[in-house]
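Chain by chain, the residues run as shown.
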Amino acid sequence: MTQDPLLSVQNVTTQFVTEEGIVRAVDDLSFDVHRGETLGLVGESGAGKSVAIRSIMRLISSPGEIVSGTITYKGHVILDRSQGPDGEVRDGEAMLSEAEMRSKIRGREIALIFQDPMESLNPVFTIGSQLREFIEINRDLSNAEAKAEAIELLREVGIPEAESRYHEYPHQFSGGMRQRVLIAMALACKPDLIIADEPTTALDVTVEGQILDLIEQLKTEYETSFIWVTHDMGVVAEICDRVNVMYLGELIEQAPVDELFHETKHPYTEALLRSIPKPHETTGEFDPIRGIMPDGMNAPSGCRFHPRCPDAREVCMSVHPDLREIDDGQNAACLKYDVFDADYDDSPPLVVDENGERVPAETVESVGGDD
Amino acid sequence: MATPPETAEMGDQPVSSSAGEADESIRDLTGWRYTLAQIKRDRTARLGWYIISVVSVVAIVTYVDSQLLNYYIADTFWYHPERDAEGTALLPPVGLENSYGAGTWSHPLGTDQRGRDLLVRIVYGTRIAIQVGVVATGLGVIVGTIIGAVSGYYGGWIDDILQRTVETVYAIPFLILVIAIMSAFGRHLWIAIVGVGIVTVPIFARLIRSEVLKVREEEYIEAAKAIGVKDRHILARHIIPNSFAPVLVQGTLQIGVNILIVAGLSFLGFGVQPPTPSWGQILADSRGYMLPNPWFSIFPGIAILVTVMGFNLLGDGLRDALDPRNNG
């Protein structure tokens, strides 16, 4: 962990300006990815995972905007942006231009695999021509060489009869096969980092297993680093080395995978792990996380998780915890740990009022007294 | 004749079973071949296809003869379509009679006011109709597609400028605009083609823009951006091919419309100048002779009707074949 990270993300904030107000989809996000490691990015729907990875690729389009942060990759400054007091966004001089991002970073150094393999291929061209086109764009190969390379790649990701399937259209492929094609496309330029945005969510479990095996095999072969975005804790346990847990645009826990499962620090992560359906449970015994993720527009004050948190106390409503080291290599953003020094232990627990809102104990008593 | 029971059962519904087989074989086809197979199944589209084929062959032959061979073929084997003839003027078609005489087999559709054979003039008018219809529509499709795709893909102020420009052109009545263009630049065939092309541009620019707005949100476009494909390349390879189907349909229908526009222009005296035969021109000539010889007006009218109908039928067939909602 002492060597320079492959990708370093520091304090990145991305917001969307909508008619109702500004939504911070990613808020002050910081993490590193090291060579050869697989980093899990976990969270419920709406936690900001997809916006986070698109921010890394600088693929945020209007009305979204990255307002601040620094991202460096192998010495390239992908992002160096700060927001002045007047709200104006300023870019650092070393930041890559859009054209440089396109020609140097996207596809060649960092590749993205999308969630839905059904939608990520152009329906009007054959699989082969799309793969070949991509190889031609990014590597100086002739048409015939690129074709040979494309067929070789298809074979490598486990597509049988690659020569004949090269001439078929996307609709003639099954979901798993298309995801293999997308992986082949991501591998085409031998990038050092592949970002996978829930690549197995749309696939059934047996195909998911095959794809994960394939990734594992390719990882040892190419020494590629991965950022694996998912909401499936089972997949996390299977392939990730370290895990980032996101909630409402913020990182709330960072831990190596074993510690995350066995010495869980943040109550949200605990709840997330409890909510995994287990074979011996019936629906009645099922323990989902209470409530739904609040709207990013009016995020709760203090700790953003406090309305749903079983451990929440009064102090959680007012103090916003940042990510701090709790244990060796394990960071969490929860006030119940001593490093925050926020008087958590002396603060009274929150109770649920008649509207289902969580409020400090005294307010409920006083309301009852008036009646 | 011991028929196996299965065959007998199938014999009960021979039509549906053979249709089922046809469906199966069509489903295996992809792209263009699928579309063609769909059109072949559609009777009216097939009729349109036949009409267009015949008219196109006639147009090509007459184009070669009039432009390259100086009417050698027509003059040698038939009549010269432009030169005044010694024959009787305003003869009716064969089998009919009017005050100028009786129709003969030497002039099956009769003659015009200068004694020229009407059939040869209508046949040689085909090339103007097709030439202007196809070239002007092609011009409109190419320019309109580029404007519409750029406008829809980039959005913002580029979209505003391009769309407002296009709408301004769209707001001017097309016939007046073409006549204005021809008055400014001269009454030449190529000016007519460019003029009709210009008035066609807005139709395609708006049509493809609305498609592009849909397609640009597709995930494969984002995927292409994520692997570092240039905007120009995304437009040409991913956006336009996926937005083009409605343009193909509209383009086919528009050829018919443009043929009508050109006929109208020629009728008003713009467009092709006499003595070059064109359908609108023949119609205009016939105006003064409708009472003695109504057939003089009817035959060029039929030529226009049949040709425009051919393009409309094919366009409708294409729409059915290309619209996935119709392939139940």
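An unreviewed UniProt entry lists chain B under the name ABC transporter permease subunit, with Natronorubrum halalkaliphilum given as the organism. Of the comments in the UniProt record for chain B, the one headed Sequence similarities (unreviewed entry) reads "Belongs to the binding-protein-dependent transport system permease family." On record in UniProt, under Subcellular location (unreviewed entry), the comment for chain B is "Cell membrane".

Per an unreviewed UniProt entry, chain A goes by Nickel import system ATP-binding protein NikD and derives from Natronorubrum halalkaliphilum. Chain A has a UniProt comment under Catalytic activity (unreviewed entry) that states "Ni(2+)(out) + ATP + H2O = Ni(2+)(in) + ADP + phosphate + H(+)".

Draft legend 1. Local environment of the packing of aromatic side chains. Taken as a whole and judged by the stated rule, the model has 8 aromatic pairs over all chains. The side chain of Arg287 of chain B reaches across the aromatic face of Phe267 of chain B, ending 5.0 Å from its centre.

Draft legend 2. Spatial organisation of the interface of chain B and chain A. Opposite the 18 residues of chain B that make contact, chain A presents 27 residues. Counting each side, the surface lost to burial between chain B and chain A is near 1900 Å², with a carbon and sulfur contribution of 57%. Looking at the side of chain B facing chain A, the largest losses of area belong to Glu219, Ile227 and Arg237 of chain B, adding up to 32% of the total buried there. Our count for the chain B to chain A interface comes out at 2 salt bridges. The closest approach of N and O atoms between Glu133 of chain A and Arg237 of chain B, which form a salt bridge, is 3.2 Å. For the pair chain B and chain A, the number of links is 8 residue pairs in polar contact (both at pLDDT 80 or more). Among the secondary structure elements, those contributing two or more residues to the side of chain B that touches chain A are helix 10 (219-226) and helix 11 (231-243) of chain B. Each residue belonging to the side of chain B that touches chain A can be placed in one class, and the counts come to 6 nonpolar, 5 polar and 7 charged.

Draft legend 3. Focus on the UniProt feature "transmembrane region" (unreviewed entry) in chain B. Residue and element names in this part refer to chain B. When the UniProt feature table is mapped to this numbering, "transmembrane region" (unreviewed entry) covers residues 47-64, 128-154, 166-183, 189-208, 247-270 and 295-315. Along residues 47-64 the backbone is 100% helical and 0% strand, and the end-to-end C-alpha distance reaches 26 Å. Secondary structure across residues 166-183 comprises 89% helix and 0% strand; the distance between its end C-alpha atoms is 22 Å.

Draft legend 4. Structural detail: helix 10 (residues 267-274) of chain A. Residues and elements named next belong to chain A. Where burial is concerned, most of helix 10 is hidden: 6 out of the 8 residues are buried. Those residues of helix 10 that sit buried are Pro267, Tyr268, Thr269, Ala271, Leu272 and Leu273. Buried residues along helix 10 sit in contact with strand 3 (38-42), helix 8 (233-239), strand 10 (242-247), strand 11 (250-256) and helix 9 (257-262).

Draft legend 5. Representation of the pairing of strand 4 (residues 64-73) of chain A in the model. Residue and element names in this part refer to chain A. Of all 10 residues in strand 4, 7 are buried, a share of seventy percent or more. Bridging between strand 4 and strand 5 (residues 76-83) involves 5 bridges; their strand directions are antiparallel. The residue bridging Thr72 from the neighbouring strand is Val77, located in strand 5.

Draft legend 6. Seen up close, the sheet that holds strand 6 (residues 89-91) of chain A. All names here are of chain A. The antiparallel open sheet is built from 5 strands, whose spatial order is 2-1-4-5-6. Every interior strand has two partners, whereas the edge strands, strand 2 (22-33) and strand 6, have only one. Across the sheet, the mean angle separating the axes of adjacent strands is 20° when strand polarity is ignored. As judged from the 3 bridges shared by strand 5 and strand 6, these two strands associate in the antiparallel manner. Bridging across to strand 6, Ser82 finds its partner in Arg90. Here helix 1 (residues 49-56) sits on the sheet and contacts strand 1 (7-17), strand 2, strand 4 and strand 5; the angle it forms with strand 1, its principal contact strand, is near 115°.

Draft legend 7. Geometry of helix 6 (residues 118-154) of chain B. Residues and elements named next belong to chain B. For helix 6, which comprises 37 residues, the first-to-last C-alpha distance of 53 Å matches the rise-based estimate of 54 Å (1.5 Å per residue) to within 8%. N-cap assignment for helix 6: the residue whose side-chain oxygen lies 3.2 Å from the backbone N of Leu119 is Asp117. After helix 6 finishes, the residue Gly155 shows a positive phi value of roughly 65°.

Draft legend 8. Focus on the pattern of salt bridges. Scanning the entire structure with this criterion turns up 32 salt bridges over all chains. The salt bridge partner of Arg54 of chain A is Glu222 of chain B, with a shortest N-O separation of 2.4 Å. One end of the pair, Arg54 of chain A, is in helix 1; the other, Glu222 of chain B, is in helix 10, on a second chain. Assessed through its relative accessible area of 12%, Arg54 of chain A is described here as buried. Across the salt bridge formed by Lys74 of chain A and Glu109 of chain A, the nearest N and O atoms sit 3.0 Å from each other. Residue Lys74 of chain A is found in the loop between strand 4 and strand 5, and its partner Glu109 of chain A is found in the loop between helix 2 (98-105) and strand 7 (110-113); the two are separated by 35 residues along the sequence.

Draft legend 9. Local environment of the environment of Tyr337 of chain A. All names here are of chain A. Of note, Tyr337 is situated in the loop between strand 13 (330-332) and strand 14 (350-352). Residues Tyr337 and His266, spaced 71 residues apart in sequence, show a C-alpha to C-alpha distance of 9.6 Å. When neighbours within four sequence positions are excluded, Tyr337 is seen to be in contact with Thr264, Lys265, His266 and Ile326. Within the local environment of Tyr337, its side chain forms a polar contact with the backbone oxygen of Lys265, the two atoms lying 2.5 Å apart.

Draft legend 10. Structural view of unusual backbone geometry. Residues and elements named next belong to chain A. Even without being a glycine, Arg58 presents a positive backbone phi close to 55°. Relative to the assigned elements, Arg58 resides in the loop between helix 1 and strand 4. Its identity is not glycine, yet Leu248 carries a phi of approximately 50°, on the positive side. By the element assignment, Leu248 lies in the loop between strand 10 and strand 11. The class for Leu248 is buried, based on a relative accessible area of 5%.

Draft legend 11. Seen up close, the packing of helix 6 (residues 175-187) of chain A against helix 7 (residues 205-222) of chain A. All names here are of chain A. Between helix 6 and helix 7, the least distance of the axes is 10 Å, while the angle of their chain directions is 15°. When the axes of helix 6 and helix 7 are compared, the pair comes out roughly parallel. With respect to the hand of their crossing, helix 6 and helix 7 are arranged in right-handed fashion. Only Val207, Gln210, Ile211, Leu214, Ile215, Leu218 and Tyr222 of helix 7 make contact with helix 6, whose side of the interface consists of Gly176, Gln179, Arg180, Ile183 and Leu187. Looking at the contact of helix 6 with helix 7 residue by residue, the class counts come to 8 nonpolar, 3 polar and 1 charged.

What counts and how
- Residues numbered from 1 in each chain as written.
- Chains lettered and ligands numbered in written order.
- Predicted model: local features only at pLDDT ≥ 70, side-chain atom pairs only at ≥ 80, totals over all residues.
- Heavy atoms only, no water.
- UniProt positions renumbered as here; feature names shortened; annotations may be inferred.
- Phe/Tyr/Trp six-rings, centres within 6.5 Å; stacked < 30°, edge-to-face > 60°.
- Lys NZ or Arg CZ within 6 Å of the ring centre and 35° of its normal.
- Contact = heavy atoms within 4.5 Å.
- Buried area = accessible area lost by both parts, 1.4 Å probe.
- Salt bridge = Lys/Arg side-chain N within 4 Å of Asp/Glu carboxyl O.
- Polar contact = N/O pair within 3.5 Å; in protein donor to acceptor, adjacent residues only side chain to side chain.
- Helix = DSSP H or I, 4+ residues; strand = E, 2+ residues; numbered from the N terminus.
- Nonpolar A, V, L, I, M, F, W, Y, C, P; charged D, E, K, R; others polar.
- Buried < 20%, exposed > 50% of the residue type's maximum accessible area, 1.4 Å probe, protein only.
- Pairing = 2+ DSSP bridges.
- Axes fitted to C-alpha atoms, helices over the stretch in contact; angles between N-to-C directions.
- Expected span 1.5 Å × (residues − 1).
- Parallel < 35°, antiparallel > 145°, perpendicular 65-115°, else oblique.
- Left-handed = near helix turned anticlockwise from the far one by under 90°.

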